[in-house]
Amino acid sequence: MELRPYQREAVAPALRGRNSIVWLPTGAGKTRAAVHVCRQHLASRRGGRVAVLVNKVHLVDQHAKKEFNVLQKDFRVTAISGDSSHKSFFACVVKQSDVVICTAQILQNALVSVEEDTRVELTDFSLLVIDECHHTHKEAVYNKIMLNYLQRKLSGQQGLPQVLGLTASPGTGGATSFEGAVEHILQICANLDTEKITSAQEELQHLQSHVPQPRKQYDLCQERAKDPFGEQLKKVMEQIHQYMEMPGLLQDFGTQVYEQRIVELEKRAAETFCRKTRVCALHLRKYNDALLINDTVRMIDAFQCLQQFYAAKRDMKDPTEQFLTTTFEENRTSLQALAGDRRYENPRLGKLEEILREHFQPLGASRGIVFTKTRQSAHSLLSWLQDTAALCGQHIRAAVLTGAGYSNQTRHMTQNEQQDVIKLFREGALNLLFSTSVAEEGLDIPECNIVVRYGLMTNEIAMMQARGRARAENSVYSVLAKANSREVSRELLNEDLVELMERAIRAVQAMPEQEYRLKIRELQRVAVASWLLKEARISERQRLHDPDTVYLYCVNCNAAVCCGSDIRTVEGMHHVNINPNFGLYYRVSSGKLQFARTFKDWEPGCRIVCSECSQDWGMEMIYRQVKLPILCIKNFVVETPAEKRRYKKWSAVTFPIKEFDYLDYCSSTHGQSF
């Protein structure tokens, strides 16, 4: 397996067994260089074992089938993701493998597990390869694993694995000064216990000749001259504001700032049992979503977003719901008519049509990705393409690629659907993707010759990652945005930040070894100390209140539905209510939920809603033949002796929750002892 000279230079310290970060641009073959390190590492030591950690599920399969495939001949390589059945016997699989490729979360779960089948130790590995290692900071899973590592290292534990980090873009961590950027790079190095951050220095010219950079262009468009559809949405929002009788509420409709304000208002209204304000805030957020969609894609997409929202079943006994539904119905016909009026269509789409027509010629072999912010806009852009006569020939074969995480906005893709789309794109059956940020990082997609960032505001890391997808000769990286917009100024700032990051890395590389080591050791001590302090605080917070003194209320109709002491956790993560009387408070909606994967001891049942107001609460799980309602905490207001609060996550509540005892439950509900 021959490495190019610049790859050899970058992995030299790793081949000598030193902890290092390899910093090379996207497309320079970092993973290939890491495979070489793994091969040498395993060949030169008995009982060596490598863990290759990735931060996105689709990368597990990609690494196993592509770059790491060459190790299959001589070593036992196993790929494990959240979708695979190996996960339940992780410890056994690790013991039988030389190379384990998995998501970082799976390793983290195994490191903290108390079950013998699933628990592993860091010392079970002799080398950790961390892909996209710039994510090793703050609350990220990579950092949790490395804090565990650093704690052991600082307490003198021997036999810890060598660490090899891979990144194209460490970023500046939000810093805009040189000192701040250097501090960020040092922090990443400390978090990964790095002795050296390496790149192509002597072989820089060789690298540049191998990794062509795309030509960047700004494709700017003007605002709509007139926007009667948007104006009418704003009028409806003003009407809702009047109904709420809150004159102090600012009316900067159609902005992210307004969205944040309305989300906060909805949370406060839920906590103070002010149903009228809460329901209005939910509807205003949907109108604001429609304005943002109208700004990004077509008016009809914005209209359909509202149409779907109002088609959902709601509690029509509530006068606020009645008022809001009537208000929409009164405006529906005129909104629909305006949405179909081509004179007021979005100028961004005209500009995108120009770019696609230029690059996708009937007999050409172009490949492209259009990056957009939301799943909603990715689907809308595909629908726009299919409705645009000039782009409808056989020469553009497009699909959507979005994340696998669940979202209530638009349907998510399963991991299998993602894999299928990527496979078709790789083979050329598809040649254009409308993608969210899921395709920015690490995804091995054949060289694109056109990458468009469609109205995006992101940081310098995302910009570099997206740019790195344009790898073909003479490729184009287009920033499509409104003239003089925040998107353009952010992109220009990103260019400065990339330069700042490069200067900071060179400064860290040039630091005297002794000074560097002292600095790293100091940062590590601080990181471990603050982590331990935080853990202690969390543990303390979770024992603040007696579960018997805690009550849960439906977030929508404020009915009191259960006590904190009725809640148990199943497998440490699903929060269920075990009180047999709880069934009186909810209804089961029709049809079992279907998931793309199966689970070891349970299967999903039906969705559950409040019997009083039909508010979504969660779902039933069938756990070893027992039906248990799983509650989603954000659908409730939690009252403790101290306050009423709404939580996003169960992990933040201030009372202890016991683990579900299956035998105890069976004997108490069926009156038999087991």
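Located above this text is the structure these notes cover.
The shown structure was predicted, so the numbers you read here are calculated from the model rather than taken from an experiment. (Residues numbered from 1 in each chain as written. Predicted model: local features only at pLDDT ≥ 70, side-chain atom pairs only at ≥ 80, totals over all residues. Heavy atoms only, no water.)

A. Structural detail: empty space enclosed by the protein. Inspection of the entire model under this criterion finds one cavity of 30 Å³ or more. The wall of the largest cavity is formed by Ile21, Cys133, His134, Thr167, Pro170, Ile185, Ile188, Cys189 and Ile197. Considering every element that reaches the lining of the largest cavity, the biggest residue donor is helix 7 (residues 178-191), with three residues. Its residues assigned to classes, the lining of the largest cavity shows seven nonpolar, two polar and no charged. (1 Å grid on protein atoms, 1.4 Å probe; cavity = no way out; pocket = protein on both sides within 12 Å on 5 of 7 lines; lining within 4 Å. Points joined across faces, edges and corners; volume = space filled by probe spheres on them. Helix = DSSP H or I, 4+ residues; strand = E, 2+ residues; numbered from the N terminus. Nonpolar A, V, L, I, M, F, W, Y, C, P; charged D, E, K, R; others polar.)

B. Molecular detail of the nonpolar core. Counting 74 residues, the largest nonpolar core has Phe90, Leu107, Val120 and Leu433 as the members making the most contacts within it. For Leu433, the contacting residues outside a window of four places in its chain are Gly368, Ile369, Val370, Ala399, Leu401, Val421, Phe425 and Ile445. One finds Phe229, Ala281, Ile293 and Leu382 within the second-largest nonpolar core, a separate group that totals 55 residues. (Core = buried A, V, L, I, M, F, W, Y, C linked by side-chain atoms within 4.5 Å. Buried < 20%, exposed > 50% of the residue type's maximum accessible area, 1.4 Å probe, protein only. Contact = heavy atoms within 4.5 Å.)

C. Seen up close, the pairing of strand 16 (residues 567-570). Residue alternation in strand 16 divides its side chains into two sets, Ile567 and Thr569 and Arg568 and Val570, and both sets are buried. Where strand 16 lies against strand 17 (residues 574-577), four bridges are found, and the strand directions are antiparallel. The residue bridging Val570 from the neighbouring strand is His574, located in strand 17. Counting the residues that bridge the hairpin from strand 16 to strand 17 gives three residues, and of these Glu571 lies at a positive phi of roughly 55°. Relative to strand 24 (residues 658-659), strand 16 is paired through two bridges, and the arrangement is parallel. If you follow Arg568 over to strand 24, its bridge partner there is Lys658. (Pairing = 2+ DSSP bridges.)

D. Representation of the sheet that holds strand 4 (residues 99-103) in the model. Taking strand neighbours across the sheet as the criterion, the seven strands line up as 3-4-2-5-6-1-7 in an open arrangement whose pairing is parallel. With one partner strand each, in any of the chains shown, strand 3 (77-80) and strand 7 (196-198) form the two edges of the open sheet. Strand-to-strand twist of the sheet, defined as the mean angle between neighbouring strand axes without regard to direction, takes the value 15°. Here five bridges tie strand 2 (residues 50-54) to strand 4, and the two strands are oriented parallel to one another. (Axes fitted to C-alpha atoms, helices over the stretch in contact; angles between N-to-C directions.)

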